[in-house]
Amino acid sequence: MGNFFSSMFDRLWGVNKELRILILGLDGAGKTTILYRLQIGEVVTTKPTIGFNVETLSYKNLKLNVWDLGGQTSIRPYWRCYYADTAAVIFVVDSTDKDRMATAAKELHLMLQEEELQDSALLVFANKQDQPGALTASEVSKELNLVELKDRSWSIVASSAVKGEGITEGLDWLIDVVKEEQL
Amino acid sequence: MSTHTYKKFENAGSGDLPDRMTIYQDCMSEFNESPVNPKRCRLLISRLLRLLAEGETFPENEATALFFSISKLFQHPNDSLRQSVYLAIKALSSISEDVLMATSSIMKDVQNGSDLVKPNAIRALTTVLDESTAFSAERLLKSAVVNKHPSISSAALTSSYHLLPIAEATAKRFVNETQEAVMDLKPFPHRNVVGDYYPNSTFITQYHALGLLYQLKKSDKMALLKLIRQFSDNNTLKSQLAKVGLVKLVSELVTRDAQLFSSFQPLLNNWLSNKYESVQLETAKLITNFAIQHPHLVSAELHASAVTTLQSLLTVPRVSARFAALRILNRVSMVSPEKIVVCNPELESLINDPNRNISTYAITTLLKTGTESNISSLISTITKFIHEVSDDFKIIIVDAIRTLSINFPQEWMAILNFLIDVLKNGEGGLKFKNNIVEALIDMVSFVPQAKDLALENLCDFIEDCEFNEILVRILHLLGKEGPSTATPSLYVRHIYNRVVLENSIIRSAAVVALSKFALTKNDPTLGESIVSLLRRIANDQDDEVRDRATIALKFIESAKKEENPEAREFVQSRYSYDLPSLESKLSSYISSNADSFQTPFDVTNIRKYTEDEAKAIELKKKQEQLLKGHLENGSESTPGLEEGSKGEKRDSSYAGPSLDEHQEDLRSTKYAEELLSMEQIKEFGPLVNSSRTIDLTDPEAEFVVRGVKHLFNNHAVLQFNITNTLTDIALDNVTVTCTPENPSESSLEELFSLSIDRLSPSQEAACYVAYNKSEEIVMEGFLNNLTFTTRELDPETQQPLDDTEGFQDEFDIDSIFLNAGDYIKSSFVGDFTNAFDELPNEEVAVYNIKENITLQELVDRLVVNTSCLPLESTQYAPSDSSSHTVKLFGKSALKGEKIALVVKLIKTSKGIAMKAQGRSEDATLCSYLVNGLM
Ligand SMILES: Nc1nc2c(ncn2[C@@H]2O[C@H](COP(=O)(O)OP(=O)(O)O)[C@@H](O)[C@H]2O)c(=O)[nH]1
Ligand SMILES: [Mg+2]
């Protein structure tokens, strides 16, 4: 079944078609860690991202073109330069950083208003679940006011990038939605 | 995109530039495409780069859009595409905004990229970093510096060099890695890609590492000395360029501290026989240049070895080495020609070198090493040669001959014949002919014996000359010089021919020249013929010619009838104005236009020169140009030295001012104008004389002070120009106090002193102290003290911090002396010996100078101290002789009495014996000057 599905997808989109995915979120949320966890399956030591990292990876016979954009205040204004042709956005939240939940919510909603992202699916990672005192996924969802989102496929998944938990589950959901929507 | 344009610039040979807008749009659409097509993107980037390389540029918003779309190409892993992307990033980073967005992606390549893209990534990295992001690249760059791959290491080293101005603190921490990179031999090219292009591998990273290491340590003299010891001792340095770099480093150090030179002599001697020609050349250059600045610090043997090395390089097969050696010898020849006379045989055979640059240089060098005995034979060699070379070389040769005419006035016959020959027979353009005419004008002005013959030949020349510019100059010269010759009517005939035959520009010039003959004393009948000629011309068809003739007639008439001195001035003026100050006054008069030009322009405050003064100024300029042209070339090899300090170094060898003559002129004009515009000083009447600028502090002091002495009929004013070199301190209430050396005996009475309210960082301003003085010559020394209140400034606003009071401080500056020389102006006389013999009032004084200085230094000092003009080339003391005679001529700035000095110098083991013999129309001045030379 899965095989049939993907081969049909290939036929429709051409084998070379890549899916463009953006990873956004405040600085220190774990975006870069998630990107490389996806690409090489390991935890790398990171430094604050000045600009962006971009990697191409294969996931379930699909070519994903994943952009991890830096989250510092000075870099957020440039996110919009990379919005075009984006199939999906992964928004990463540090679940232990209660002080900046409001900021995260503001940036998220600001981004989703952009014309170019109207058709993109949204996956939120409530990251750093391995840490004591982390808010649960539903608590994060409330803080981010996700219920308000209309006309958009979205989901929130509890994750730990360092332990590798939740990441594939989240991505599986995202791929399914994207395939469905593109069909 | 139109296919038409695509075709057009796809054709590589077409040379057409792609259209900027087309490229922009193509880039924007192609680079945002997904998936990326690397081949097409590379092609587009190369077009974009070509456009930028041709000087085309993009407005900031477009450049930024391009930059961002190019940054998206990081998604594709193709190495060749990546290399193009880096080239584009480097090219765009200076014209677009927000380039920091590429930082992380570049750093990833620096860390994990292939060896192929790593160097590109490293070089691009510094163009996007700023002070705040540099530290995150620190570890990456450090490890790239010590990378085993030469291209990666070199890229990191050169990039760190460029990082210095951006993030000095970060780059300064690379010292250990850089040191390691010098020691670690990395053959380049990597992995034996030796082919035709690289016959041998080099160790170029050493050169890059040494360069960076110098930058990192350059303010620490001890560290640099250690560095030289370390890298010169054993055979650490394998790179030829690195070795040359080390020589340059020594050069830099001895320029900063001349006393170090002696400790380097063995090393330099060693380098003179290094296996690389470039090292030999650089070392010889260092030694000979240093010897010009500090003759007594270089041993005669070392200098001779340097010359021998250069001499043998004159015969090597490589053209560039021959040329370089010749160029250095040429410099030496300007100051110490006797030291390279040994090279004359080689130089003579280079006259026939197939490379014309070399043959021309050989000739000009020979002209300087030439002695009275071989000048004329040299000139005849050149006469044969000159018609075969191109205009450019002809001009160089003519200029060399031109200086000869000033240095060897006794050879005037041979020189004049040469010039006349090339003028009449030489084919050539305006510039060439003009230079010959200039040379002849020099001879007319400065070599009286040659005057008549030169003028006659210029007359012949204008009978058949196609260049208006030259004709006009010659006509002017004839008007100026002709009336005082033995046969003025001869010139009148030639000039009048021009009126009959030439166009209106030349006719106008001829009219003015003619009118100058109207008041000739030698030939009173001439006046009448001039008047009748002018009457005839007053009917010319051209307005300008008619006007000039009419006004000339009016002047001549009133000059004759009423003995009207003003009209006489207009016909044949005895003065010329100081042109820079006339120009600046006129332009401010025109631009201010206060009352629609109701008030006439006031010329009284503009300095005027009599003919001998003007000639003295011009000759001095020529003398110093010779030296300066030489010294400027000489110090070009010193890296990292600022313009200012270069000037100061020159200062120590020639005790004149630090700036070149022209700037000194402008500066003294500016100073005089500032001074005379002050109310208190206007009352002192006209300015009689101003000294040159004198350094009163170390040129590297925190506060640099320069002094100027101004004389008025009944007053003297000392001017102190203070420069605040600090960046964060302002000085308030800056005052100079001057105390006469013998307060009880001083005949000067202080009137007032003007201070500076605030001197901001890197500003220059002046304090003045004014004195009452009798009309006589008053001499005095002053001890000077600078006082001020320091105020710390807020680095943001550059305003003083409120909470700081500032504190009083003082600063000692050198004494200033008002001496006999300040009452003298340079003056030119054609026949010195005759002039000296005719003057009354002789005074003789003998000095014994114990100080360890060379004859040349003493001569320089005499020229400055006396303010006189050295004549007959006596301003050069030959370094191979122990005696020398200087001839100086000047006149009193107060009343114009002439003064001539003959100073004989003999150098012995005990010092220098000096006998000065002076003659003047003013006995007091003469006695003061002769007895106050040192
Ligand atoms: N405990 C914990 N730490 C994490 C997790 N994900 C990321 N981090 C750490 O958070 C810091 C910032 O991560 P980074 O990926 O650079 O964040 P970015 O700024 O969003 O790219 C790093 O020290 C990571 O090791 C996680 O799930 N659990
Ligand atoms: Mg990051």
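In this text the structure is predicted, and so the values were computed from the model without any measurement.

*Asks:* How do you make sense of the overall build of chain A when you look at a structure like this?
*Replies:* For chain A, the helix and strand inventory stands at five helices and six strands. Its helices and strands taken in sequence order, chain A reads α-β-α-β-β-β-α-β-α-β-α from the N to the C terminus. Within the span of chain A, comprising 183 residues, buried residues form 52% of the whole. Across chain A, every contact between residues at least 6 apart in sequence was considered, and the portion connecting residues at least 24 apart equals 72%. Just so you have it, chain A exposes about 8700 Å², and 49% of that area is on carbon and sulfur atoms.

*Asks:* When you look at the nonpolar core in this model, what are you seeing that I'm missing?
*Replies:* Taken as a class, soluble globular proteins show a tendency for nonpolar side chains to be buried jointly. Judged by nonpolar contacts, the single largest core of 224 residues is most densely connected at I89(B), I106(B), F264(B), I401(B) and L419(B). Core analysis: the second largest hydrophobic core is formed by 56 residues, I777(B), V863(B), I912(B) and L933(B) among them.

*Asks:* What is the right way to look at the pairing of strand β11 (residues 780–792) of chain B in this model?
*Replies:* All names here are of chain B. Relative to β11, strand β7 (residues 729–740) runs antiparallel, the two being bridged by 10 bridges. Pairing of T737 across the sheet is with N785, part of β11. Bridging between β11 and strand β12 (residues 807–818) involves 10 bridges; their strand directions are antiparallel. Among the inter-strand pairings, N784 is bridged to a residue of β12, identified as I813.

*Asks:* Which parts of the structure should I look at to understand the packing of aromatic side chains?
*Replies:* The way to describe two aromatic rings as a pair is by their centre distance and the angle between their planes. Scanning all chains against the criterion turns up 21 aromatic pairs over all chains. Every member of this aromatic cluster is reached through a ring pair, and the members are F52(A), W67(A), Y78(A), Y82(A), F67(B), F68(B), F74(B) and Y86(B). Stacked on the ring of Y82(A), the Lys or Arg K72(B) has its end atom at 5.5 Å from the ring centre. The ring of Y575(B) carries K608(B) above its face, with NZ or CZ at 4.6 Å from the centroid.

*Asks:* Just to check I follow, could you spell out the packing of helix α18 (residues 319–335) of chain B against helix α20 (residues 356–369) of chain B for this structure?
*Replies:* The packing of two helices is summarised by the inter-axis angle and the distance between the axes. Residue and element names in this part refer to chain B. Contact geometry of α18 with α20 gives a least axis separation of 9 Å together with a crossing angle of 20°. Put simply, α18 runs roughly parallel to α20. Two packed elements cross with a definite hand, and for α18 against α20 that hand is left-handed. Counting all contacts with α18, which are made through V319, R322, F323, L326, R327, L329, N330, S333 and M334, the residues of α20 involved are N357, I358, Y361, A362, T364, T365, K368 and T369. Of the residues in the contact of α18 with α20, the class split is eight nonpolar, six polar and three charged.

*Asks:* Mind showing me how you'd approach the interface of chain B and chain A here?
*Replies:* One frequent convention defines the size of an interface as the accessible area lost when the parts assemble. Contact with chain B, which involves 19 residues of that partner, is made by 20 residues of chain A. Taken together, both faces of the contact between chain B and chain A bury some 1800 Å²; the carbon and sulfur share is 55%. Per-residue buried area on chain B facing chain A is highest for K72(B), Q75(B) and M101(B); these three make up 33% of the total on that side. There are eight residue pairs in polar contact (both at pLDDT 80 or more) connecting chain B and chain A. Put simply, the parts of the chain that give the side of chain B that touches chain A at least two residues each are α4 (60–71), α6 (103–112) and α8 (131–145) of chain B. Counting residues per element, the side of chain B that touches chain A draws most heavily on α6(B), which supplies five residues.

*Asks:* I keep staring at empty space enclosed by the protein and nothing clicks. Help me out?
*Replies:* Over the atoms, a rolling probe the size of a water molecule traces out where space has been left empty. All names here are of chain A. Enumeration over the complete set of coordinates arrives at six cavities of 30 Å³ or more. Roughly 70 Å³ of internal volume is contained in the second largest cavity. Surrounding the second largest cavity, L26, D27, A29, V92, V93, D94, D97, R100, M101 and A104 form its lining. Of all the secondary-structure elements, those providing two or more residues to the lining of the second largest cavity are β4 (88–94) and α3 (101–112). The element best represented in the lining of the second largest cavity is β4, accounting for three residues. Its residues assigned to classes, the lining of the second largest cavity comprises six nonpolar, no polar and four charged.

*Asks:* Just to check I follow, could you spell out α18(B) for this structure?
*Replies:* Owing to its 3.6 residues per turn, the α-helix brings residues three or four apart onto one side. With 17 residues, α18(B) extends 25 Å between its outermost C-alpha atoms, agreeing within 8% with the 24 Å of an ideal straight helix rising 1.5 Å per residue. All buried positions along α18(B) are accounted for by A321(B), R322(B), A325(B), L326(B), I328(B), L329(B), N330(B), R331(B), V332(B) and S333(B).

*Asks:* What is the right way to look at the packing of helix α15 (residues 261–271) of chain B against helix α16 (residues 277–293) of chain B in this model?
*Replies:* Residue and element names in this part refer to chain B. Where α15 contacts α16, the two axes come as close as 10 Å, and the packing angle between them is 145°. The element α15 and its partner α16 pack so that their crossing is left-handed. On α16, the residues touching F261, L268 and W271 of α15 are V279, Q280, T283, L286, I287 and F290. Classifying every residue of the contact of α15 with α16 gives seven nonpolar, two polar and no charged.

*Asks:* I'm lost on the UniProt feature "binding site: Mg(2+)" (unreviewed entry) in chain A in this one. Help?
*Replies:* Taking the numbering used here, the UniProt-annotated feature "binding site: Mg(2+)" (unreviewed entry) corresponds to T32(A) and T49(A). Despite a sequence span of 18 residues, these residues sit close together in the fold, their greatest C-alpha distance being 7.7 Å. Mapped onto the secondary structure, T32(A) falls in helix α2 (residues 31–40). If we skip the residues at most four places from it in the chain, T32(A) touches T46(A), T49(A), N53(A) and D68(A). Along the polypeptide, T49(A) turns up in the loop between α2 and β2 (52–59). Once residues lying within four places of it in the same chain are set aside, the contact partners of T49(A) are T32(A), D68(A), G70(A), Q72(A), I75(A) and S104(B). Polar contacts involving the side chain of T49(A) include one to the side chain of T32(A), which spans 2.9 Å.

*Asks:* So what exactly am I meant to see when it comes to the coordination of the magnesium ion (ligand 2) here?
*Replies:* Six octahedrally arranged donors around a metal ideally form angles of 90 or 180 degrees; four tetrahedrally arranged donors ideally form angles of 109.5 degrees. All names here are of chain A. Every protein donor of the magnesium ion (ligand 2) is accounted for by T32 (OG1) and T49 (OG1), and the metal-donor separations fall at 2.0 to 2.1 Å. Of this pair, T32 sits in helix α2 while T49 is found in the loop between α2 and β2, placing the two residues 17 residues apart along the sequence. Neither residue differs from the other here; T32 and T49 are each classed as buried.

Rules and cut-offs
Residues numbered from 1 in each chain as written. Chains lettered and ligands numbered in written order. Predicted model: local features only at pLDDT ≥ 70, side-chain atom pairs only at ≥ 80, totals over all residues. Heavy atoms only, no water. Helix = DSSP H or I, 4+ residues; strand = E, 2+ residues; numbered from the N terminus. Buried < 20%, exposed > 50% of the residue type's maximum accessible area, 1.4 Å probe, protein only. Contact = heavy atoms within 4.5 Å. Areas by Shrake-Rupley, 256 points an atom, 1.4 Å probe, with all protein chains shown as cover. Core = buried A, V, L, I, M, F, W, Y, C linked by side-chain atoms within 4.5 Å. Pairing = 2+ DSSP bridges. Phe/Tyr/Trp six-rings, centres within 6.5 Å; stacked < 30°, edge-to-face > 60°. Lys NZ or Arg CZ within 6 Å of the ring centre and 35° of its normal. Axes fitted to C-alpha atoms, helices over the stretch in contact; angles between N-to-C directions. Parallel < 35°, antiparallel > 145°, perpendicular 65-115°, else oblique. Left-handed = near helix turned anticlockwise from the far one by under 90°. Nonpolar A, V, L, I, M, F, W, Y, C, P; charged D, E, K, R; others polar. Buried area = accessible area lost by both parts, 1.4 Å probe. Polar contact = N/O pair within 3.5 Å; in protein donor to acceptor, adjacent residues only side chain to side chain. 1 Å grid on protein atoms, 1.4 Å probe; cavity = no way out; pocket = protein on both sides within 12 Å on 5 of 7 lines; lining within 4 Å. Points joined across faces, edges and corners; volume = space filled by probe spheres on them. Expected span 1.5 Å × (residues − 1). UniProt positions renumbered as here; feature names shortened; annotations may be inferred. Donors = N, O, S within 2.8 Å, 3.2 Å for Na, K, Ca; no water.

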